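# Geometric and topological summary
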Amino acid sequence: MKNIGSTLHSKVHNWIDAIGFRLNTSQTNRKNNVTTNHYFFETFNFFEKEKRDHPESTKFLCFDAYGEKINVKSLLDLQVAFFENISQLK
């Protein structure tokens, strides 16, 4: 199971680097060693919550075109939400 989470983390980061997402903010809770990163591109935002030295436990959260919360369980979840959001731009 550790390998699956690590793979999702690396796939998401490879994809956001290719698209050109920017890191907007990063906050670290020193008590529990959790860092929350906020990434954006145009009108699309998503959050990454990771525990230091444990990429397999990283969680991603984004919102669809209607503002509904989507827990990202695969790279495809994130890509679908992203392309739906970008297609709404006129």
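Coordinates for the structure precede this section.
The following paragraphs examine the structure supplied in this document. Bear in mind the structure is a predicted one, so any value in this text is a computation, not a measurement. (Residues numbered from 1 in each chain as written. Predicted model: local features only at pLDDT ≥ 70, side-chain atom pairs only at ≥ 80, totals over all residues. Heavy atoms only, no water.)

## Here we look at the environment of asparagine 33
In this fold, asparagine 33 is placed in the loop between strand E1 (22-29) and strand E2 (34-41). Considered as a pair, asparagine 33 and phenylalanine 63 are 30 residues apart in the sequence and their alpha carbons are 25 Å apart. Look past the residues within four positions of asparagine 33 in its chain and what remains in contact with it is Glu50, Lys51 and Arg52. (Helix = DSSP H or I, 4+ residues; strand = E, 2+ residues; numbered from the N terminus. Contact = heavy atoms within 4.5 Å.)

## Quick look at the packing of aromatic side chains
Considering all chains together, one arrives at 13 aromatic pairs under this definition. Where phenylalanine 21 meets phenylalanine 44, the ring centres are 6.1 Å apart and the plane angle is 75°; that geometry is what we call edge-to-face. Taken as a pair, phenylalanine 21 in the loop between helix H1 (2-19) and E1 and phenylalanine 44 in strand E3 (residues 44-51) lie far apart in primary sequence, 23 residues in all. In this pair, the class of phenylalanine 21 matches that of phenylalanine 44, namely buried. Seen from their ring centres, phenylalanine 82 and phenylalanine 83 are 5.0 Å apart, and the 70° between their planes marks the pair as edge-to-face. In this structure an aromatic cluster arises from ring pairing among Trp15, Phe21, Tyr39, Phe41, Phe44, Phe46, Phe60, Phe82 and Phe83. (Phe/Tyr/Trp six-rings, centres within 6.5 Å; stacked < 30°, edge-to-face > 60°. Buried < 20%, exposed > 50% of the residue type's maximum accessible area, 1.4 Å probe, protein only.)

## Some words on the pairing of E3
Along any regular strand, the residues point their side chains to alternate faces of the sheet. Summarising the sheet, E2 and E3 pair through eight bridges and their orientation is antiparallel. Counterpart to asparagine 37 in the pairing with E3 is glutamate 48. In the sheet, E3 pairs with strand E4 (residues 54-63) via five bridges, with the strands oriented antiparallel. Directly across from phenylalanine 46, in E4, lies its bridge partner cysteine 62. Connecting E3 to the next strand, E4, in antiparallel fashion are two residues, including aspartate 53 with a positive phi near 65°. (Pairing = 2+ DSSP bridges.)

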